[in-house]
Amino acid sequence: MFALLSSIPYWGQTILRLLGGSVAVLLPAGTIVYLFLFKMMSFMQSRLGPMEAGPYGSMQLFAEVGKWLQKEDLMPERADKFVFKIAPLVVLSSTFLLVVVVPFGPDAWITNFEAGVFYALAVSSVSVLGILMAGWASANKYSLLGGLRAAGQLIAYELPMILAVVGVVIQAGSMNLQDIVVAQNAGSIFGWDGLGNPYLLTQFIGFLIFMIAVQAELTQTPFDMPIAESELVSGYMTEYSGFRFLIFFIGEFATAGVFAFIASVLFLGGWGVPFSWFGWTGINDVDNWMNVGGPLIMLTKMLGLAFIIMWVRFSYPRFREDQLQRFAWKILIPISLVNIVATSVLKVAF
Amino acid sequence: MVAQNIAFGIIAVIMVVGALRVVTVNNVVHAALWLVLVLAGAAAQYILLAAEFVAVTQVLVYIGAVMVLFLFGTMLTRAQLGKEKQLNNPTWYFGIPASLLLLGVMILALTSSFGDEKLPTDSELVSTQAISDQIFGPYLLPFWALSFVLLAAIIGAIVLARKD
């Protein structure tokens, strides 16, 4: 199929894919933290943010990682040692499992899973386990309360997320993320194919529900009841310090990046450009340079979506626990069910 | 096929050890976490059989929902840290004949219905479309019956939970 790829042996491809996957998790995490958490938040609060380490504080991330690495690794005396230690790893590994199905180019994928979207939604729910483990094992009532709140919230917002994706799956006719990308870029809007057919236009309600659910799944601010610092110290992360806290921290922002990747694949056309621009008709016509261009396009779209997530985070006050649950069960889920019915009716009609 | 057999063996051993720990360990939360390991092993076995949709469903339903609710429930009510003395039921050995009976019934059922049949060496990937074609084609009536049972269960749960 592609000359470039077939000349590399299988083990070489595997190493390349694993390296690419690690970069796809860690690079967004670092970028989001520096660009948005340090600089944009400071700008919105009329301050400069980190300025000392490197030009415009660009080396601040390395300073932060160094700081965390040399901190003492504290553990409460009555904590359940093994569960306490393994909980952050469960959360982070769910992020790494999540990036596995995201396509970054015609060949730049880690695995081309047939039920890709379904897999992503299933694996993202594993992180709840890690959070519950952390909250329970800390032997601290604030941690346990935070863990329970997180579990309740994540279960509640998983449903609207799945239901919002169903609309996209109906329209694309496939659960494979690569097929969804192709369906959007090879599509046309009433015969005009200058833009492809990004599902942002036809599934706008689905996109809104998905992004709200992502915000809640990431426990970013309007939905940060689980770590509410004025009530619960820091929720399930209260007792964590040093490297283990760093793993939670990386997990939080890496998951934000990976969810932004998935949202851009589902709604913004993913790695592709509209195929009509270059006269491609299907995935087999796509030129080899898209394996380099695709990841860059994905990175741009990811940054745009992460910007929105962070913008909302810095702008809105926190929901109360009952408001948060009511919003998921009484507003988002009914709307997404109506969206599914409307999408299937229109799919049959057109 | 050899690699698959080795992987099956390793995962099966992990599952058996995990299942034994579920019933022997002296802490409710630890037991639930061992059960997670067993269920994840089942998902891995489905992957080895190239049944990816079933495997993903296993992860989503059992690990993502059922086990999280188990843990949520136990942590909300009673989930001590450390060992609990009264956790094992004093009549636990009555379970041994029951489980042996179940094992015998399953061996009988499997051997009588499959006999010497073997799995195809290159198991074809079962696509999700094929599964949905089956569910919404020949198995439509059982599917409806199941959804009816689930609906009844949901309504029953709401009736029980709402006191007013």
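Residues numbered from 1 in each chain as written. Chains lettered and ligands numbered in written order. Predicted model: local features only at pLDDT ≥ 70, side-chain atom pairs only at ≥ 80, totals over all residues.

### Re the overall build of chain A
In plain terms, the rule: Helix numbers and strand numbers start at the N terminus; a helix is a DSSP run of H or I with at least 4 residues, a strand a run of E with at least 2. In this setup the radius of gyration rests on C-alpha atoms only. A globule is expected at 2.2 Å times the number of residues raised to 0.38. Exposure classification rests on a simple neighbour count of other C-beta atoms within 10 Å of a residue's own: a residue reaching 20 or more is buried, one at 12 or fewer is exposed, and one in between is partly exposed. C-beta atoms are placed from the backbone. The contact criterion used is a C-beta to C-beta distance within 7 Å, with each C-beta placed from the backbone.
Scanning chain A for helices and strands turns up 14 helices and 0 strands. Of the regular secondary structure in chain A, the N- to C-terminal order runs α-α-α-α-α-α-α-α-α-α-α-α-α-α. The C-alpha radius of gyration computed for chain A amounts to 21 Å, which stays within 12% of the reference 20 Å derived for 350 residues, consistent with globular compactness. In terms of overall dimensions, chain A has a C-alpha envelope of 65 × 50 × 45 Å along the principal axes. Burial analysis of chain A (350 residues in total) assigns 49% to the buried set. Sequence separation of at least 24 residues holds for 81% of the intrachain contacts in chain A that already meet a minimum separation of 6.

### Examining helix H10 (residues 204-217) of chain A
Residue and element names in this part refer to chain A. The line we're drawing: Expected span of a helix: the number of residues minus one, times 1.5 Å.
Its 14 residues place the ends of H10 20 Å apart at the C-alpha level, agreeing with the 20 Å of an ideal helix rising 1.5 Å per residue. Burial analysis of H10 places 11 of its 14 residues in the buried class, the great majority of the element. Among the residues making up H10, those that are buried are Gly 206, Phe 207, Ile 209, Phe 210, Met 211, Ile 212, Ala 213, Val 214, Gln 215, Ala 216 and Glu 217. Contact partners of the buried residues in H10: helix H5 (116-124), helix H7 (141-172), helix H9 (199-202), helix H12 (242-267), helix H13 (290-315) and helix H14 (321-349). Count one or two residues on from H10 and you reach Thr 219, which has phi positive near 50 degrees.

### Observations regarding H14 of chain A
Residues and elements named next belong to chain A. Spelled out, the test is: Given a residue, its bend is the angle between the two axes fitted to the seven residues that end at it and to the seven that start from it.
In this model H14 runs 41 Å from its N-terminal to its C-terminal C-alpha over 29 residues, within 8% of the 42 Å that 1.5 Å per residue would give. Phe 327 marks the point of greatest bend in H14, at about 30 degrees. Those residues of H14 lying buried are Leu 324, Ala 328, Leu 332, Ser 336, Asn 339 and Thr 343. Contacts made by the buried residues of H14 are with H7 and H10.

### Re the packing of helix H6 (residues 126-137) of chain A against H7 of chain A
Residues and elements named next belong to chain A. Where we set the bar: Each axis is a line fitted through C-alpha atoms, and for a helix only the stretch in contact is used; angles between axes span 0 to 180 degrees, taken between their N-to-C directions. In these notes the angle categories are as follows: under 35 degrees is roughly parallel, over 145 is roughly antiparallel, 65 to 115 is roughly perpendicular, and the rest is oblique. For any helix crossing, the convention is left-handed if the near helix is rotated counterclockwise from the far helix by under a right angle, and right-handed if that rotation is clockwise.
Interhelical geometry of H6 versus H7 gives an angle of 160 degrees and a closest axis separation of 7 Å. One element, H6, and the other, H7, form an angle in the roughly antiparallel class. Classified by chirality, the crossing of H7 by H6 is left-handed. Side by side, H6 and H7 meet where Val 128, Ile 131, Leu 132, Ala 134, Gly 135 and Trp 136 of the first sit next to Ser 143, Leu 144, Gly 146, Gly 147, Leu 148, Ala 150, Ala 151 and Leu 154 of the second.

### Points about the interface of chain B and chain A
The cut-off we apply is this: Residue type decides the class: Asp, Glu, Lys and Arg count as charged, Ala, Val, Leu, Ile, Met, Phe, Trp, Tyr, Cys and Pro as nonpolar, and the leftover types, Gly among them, as polar.
Between chain B and chain A, the residue contacts involve 20 residues of the former and 22 residues of the latter. Breaking the side of chain B that touches chain A down by element, the ones donating at least two residues are helix H2 (28-48) and helix H3 (52-77) of chain B. Sort the elements by how many residues they give to the side of chain B that touches chain A and H3 of chain B lands first, with 13 residues. Looking at the side of chain B that touches chain A residue by residue, the classes come out as 16 nonpolar, 3 polar and 1 charged.

### So, the nonpolar core
Formally: By convention in this section, buried Ala, Val, Leu, Ile, Met, Phe, Trp, Tyr and Cys residues joined through C-beta atoms within 7 Å make up a nonpolar core.
If you look at the biggest cluster of nonpolar residues, it comprises 127 residues, and the most contacted ones within it are Val 102, Leu 129, Leu 132, Phe 210, Ala 213 and Ala 263 of chain A. Setting aside residues up to four positions removed in sequence, Ala 213 of chain A forms contacts with Tyr 157, Pro 160, Met 161, Ala 164 and Leu 332 of chain A.

### Details of the domain arrangement of chain B
Convention followed: Boundaries between domains were set according to an automatic or database domain assignment.
You can read the domains of chain B as domain 1 (2-81) and domain 2 (127-164). Here the C-alpha centre of domain 2 of chain B lies 24 Å away from the C-alpha centre of domain 1 of chain B.

### Quick notes on the environment of Gly 279 of chain A
Here Gly 279 of chain A lies in the loop between H12 and H13. When the C-alpha atoms of Gly 279 of chain A and Gln 220 of chain A are compared, they prove to be 42 Å apart, with 59 residues separating the residues in sequence.

### Thoughts on the packing of H12 of chain A against H13 of chain A
Packed helices, taken two at a time, are described by their axes: the angle between them and the distance between them. Residues and elements named next belong to chain A. Close contact between H12 and H13 brings their axes to 8 Å; oriented N to C, the two are set at 115 degrees. The pairing of H12 with H13 is recorded here as roughly perpendicular in orientation. Pair H12 / H13 crosses with right-handed handedness. Of H13, the residues touching H12 (which contributes Ala 256, Gly 257, Ala 260, Phe 261, Ala 263 and Ser 264) are Met 298, Lys 301, Met 302, Leu 305, Ala 306 and Ile 309. Looking at the contact of H12 with H13 residue by residue, the classes come out as 9 nonpolar, 2 polar and 1 charged.

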